[in-house]
Amino acid sequence: MTLKKLLVGLFSLLLVAGLAGCKADPKPISGKVLFWHTYSEGEEALFLEEVVPLFNAEYPDIEIESVRMPYDGLKQQVITAYTGNVAPDVMRMDIVWVPEFAKQGILEEVSAFDEFSDLKDNFFAGSLSTNFYNGKYYGLPLNTNTKVAVYSKAVLAELGLTEAPATWDEMIALARTLKASDDRWGLTPQGFGPWGFLPYFWTLGGKVTDDEYSVATGYLNSADSIAAVQQLYDYYKEGLIGPAMFGEQPDAWGGMAGGNYLWIDDGPWYFSIIGQTAIDSTIVSTIPEGKGGSVSVVGGEDLVMFNKSENKDASWTFMQFMMTDEVQKIMAKTGMIPVTQSAADSLTDVPAYVATYIEQLKTAQPRTPSASWGSIEQVLSLAIESVFRDEKTVTEALNDAATEIDALLK
């Protein structure tokens, strides 16, 4: 190679490098994100006072308009807003709604964004799966929760105990001792619906469907499932289950305050709403272990984007920010459980009872992930209620329910 050619080559390389170094920075993402949520008053205050300022500091060109929505009637309000082209850009949505709205074609597929693959592996698998529909993801888990056993410290003390019973048999023995007093019960599922009933049903060995959520026959009406419901029905007839199951008084929270119940199952909101009184007067534990283990139900909210949003880049930026460890740990101060392993592993400044919820989440199960969940929930609720109101035998109720749910799962 001649000297002339060598110099020309070096000049070309320097020119390319210089142009690359002078390349303009990407245009900052800007826009306004309308965010609907159902945070409680305390949760909303923390979000507005700590999370939003952090976001504004990092993304000054994106404005977050936060709107607290009432939960009652919210699903229909979402549909009406979407149809009228006034839906929010981003919404904190109940996890059981996501498959239904994804099927209706109104949510943006977030697994199509490049950054999704980097986020995916850090989520708890169970929380992430609530956003899955037809092979794609339509949201990000925002916060998760479950229910644990909340025992009355005073009632345990009456029974000579300072710790919660570990097994179902131990708990039932205490319930039978407590039964000798008027208006005292060992336990009380909060209603016949799946959220209230499933932790007891699963813990005693029942199943709703197969592991792929494709069929109920052979599972919901299996010998183990029939035995689980029969066992709970027998406890009710024995007088061990309180009236809160039927929506009667004393309700779960009032019964705990009045010393009527040995324990109830409830979520972390029990403590965030009642406050220090609840923390001081109770002992929290995982659900007492039965034939099926210690099993509770997964709850929580997901973060979704509506596909009519005109600010998708800004909305996606906000959604990713809400997944950061810093934000997840800020919101955990209210008792919310982080959805990422990295945030959960590094929790420090949170109430002590949160650790019990994290432990319970290891065995908690989701309600059947299905776009038809609303109908499935109704079938399950009516089936269980028909047993406790002596309208059907356990076998009749579960056989009928299994057949109906099979059709809904197709």
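Look above for the structure.
Worth saying up front: this structure is predicted, and the values here are computed from it rather than measured.

How each quantity is defined
Residues numbered from 1 in each chain as written. Predicted model: local features only at pLDDT ≥ 70, side-chain atom pairs only at ≥ 80, totals over all residues. Heavy atoms only, no water. Helix = DSSP H or I, 4+ residues; strand = E, 2+ residues; numbered from the N terminus. Buried < 20%, exposed > 50% of the residue type's maximum accessible area, 1.4 Å probe, protein only. Contact = heavy atoms within 4.5 Å. Lys, Arg positive; Asp, Glu negative; His and termini not counted. Charge placed at Lys NZ, Arg CZ, Asp CG, Glu CD. Core = buried A, V, L, I, M, F, W, Y, C linked by side-chain atoms within 4.5 Å. Axes fitted to C-alpha atoms, helices over the stretch in contact; angles between N-to-C directions. Parallel < 35°, antiparallel > 145°, perpendicular 65-115°, else oblique. Left-handed = near helix turned anticlockwise from the far one by under 90°. Nonpolar A, V, L, I, M, F, W, Y, C, P; charged D, E, K, R; others polar. Phe/Tyr/Trp six-rings, centres within 6.5 Å; stacked < 30°, edge-to-face > 60°. Lys NZ or Arg CZ within 6 Å of the ring centre and 35° of its normal. Salt bridge = Lys/Arg side-chain N within 4 Å of Asp/Glu carboxyl O. Pairing = 2+ DSSP bridges.

A. Here's a closer look at the overall build of the protein chain. Of regular secondary structure, the protein chain possesses 19 helices and 10 strands. Each principal axis of the C-alpha distribution contributes one length, and for the protein chain these read about 105 × 50 × 45 Å. Burial status across the protein chain gives 50% buried among its 410 residues. In the protein chain, 76% of the contacts between residues at least 6 apart in sequence involve partners at least 24 apart. Distance between charge centroids for the protein chain: 6 Å, based on 28 positive and 55 negative side chains.

B. Layout of the nonpolar core. Formed by 74 residues in total, the largest nonpolar core has its most connected members in W168, W263 and F388. Among the elements that take part in this core, helix α18 (residues 373–388) stands out by supplying eight residues, more than any other. Setting aside residues up to four positions removed in sequence, F388 forms contacts with F192, F197, L232, Y233, Y236, M245 and F246. Counting residues in hydrophobic clusters, the runner-up holds 34 residues, among them V110, F318, M331 and M336.

C. Spotlight on the packing of helix α8 (residues 168–178) against helix α10 (residues 223–238). Where α8 meets α10, the axes come as close as 12 Å, and the angle between the chain directions of the two elements is 15 degrees. Classed by the angle they form, the pair α8 and α10 counts as roughly parallel. Regarding α8 and α10, the two cross each other, and that crossing is left-handed. Of α10, the residues touching α8 (which contributes W168, I172 and R176) are Q231, L232, Y235 and E238. Here the contact of α8 with α10 is composed, by residue class, of four nonpolar, one polar and two charged.

D. Region of interest: the packing of aromatic side chains. Applying the stated criterion across every chain, the model contains 32 aromatic pairs. A ring pair is formed by Y82 and F306, whose centres lie 6.4 Å apart and whose planes are at 40 degrees; its orientation type is tilted. Placement of Y82 in helix α3 (residues 74–83) and of F306 in the loop between β10 (299–305) and α14 (312–321) is noted, with a sequence separation of 224 residues between them. Take Y82: its relative accessible area is 13%, and that puts it in the buried class. Relative accessible area serves as the criterion here: at 1%, F306 is assigned to the buried category. Taken together, the ring pairs connect F35, Y39, F47, F55, Y59, F318 and F321 into an aromatic cluster. Over the aromatic face of Y82 sits the side chain of K308, whose NZ or CZ is 4.3 Å from the ring centroid.

E. Representation of the pattern of salt bridges within the structure. Scanning the model with the defined rule gives 15 salt bridges in all. The closest approach of N and O atoms between K291 and D224, which form a salt bridge, is 2.9 Å. With K291 in the loop between β9 (282–285) and β10 and D224 in helix α10, this pair connects stretches of sequence that are 67 residues apart. For K291, a relative accessible area of 65% puts it in the exposed group.

F. Highlighting the environment of P53. Residue position: P53 is located in helix α2 (residues 41–58). Using a relative accessible area of 39% as the deciding quantity, one classes P53 as partly exposed. Between the C-alpha atoms of P53 and T395, which are 342 residues apart in sequence, the distance is 56 Å.

G. Local environment of the sheet that holds strand β6 (residues 140–145). Pairing within the open sheet is mixed, and its five strands lie in the order β2-β1-β3-β10-β6. This sheet does not close on itself; its edge strands, each paired only once, are β2 (62–68) and β6. On average, each strand axis in the sheet is tilted by 20 degrees relative to the strand beside it, whichever way the strands run. Across two bridges, strand β1 (residues 31–37) lies against strand β3 (residues 90–94) in parallel orientation. Bridge pairing links F35 to V90 in β3. Running over the sheet, α14 touches β1, β2, β3, β6 and β10 and is turned about 155 degrees from β10.

H. Structural context of the sheet that holds β9. Reading across from one edge, β8-β7-β9 is the order of the three strands in this open sheet, with antiparallel pairing throughout. Whereas interior strands pair on both sides, the edge strands pair on one side only; in this sheet they are β8 (263–266) and β9. Adjacent strand axes in the sheet meet at a mean angle of 30 degrees, parallel and antiparallel pairs treated alike. Of the strand pairs in this sheet, strand β7 (residues 148–152) and β9 are connected by four bridges, and their pairing is antiparallel. The partner of A149 across the bridge, within β9, is S285. Strands β7, β8 and β9 of the sheet are contacted by helix α17 (residues 354–361), whose axis makes an angle of about 140 degrees with β7.

I. Region of the structure containing the environment of D400. Take D400: it is sitting in helix α19 (residues 394–409). For D400, a relative accessible area of 36% puts it in the partly exposed group. The spatial distance from the C-alpha of D400 to the C-alpha of N307 is 39 Å, given a sequence separation of 93 residues.

As far as function goes, none of this settles anything; it's purely spatial.
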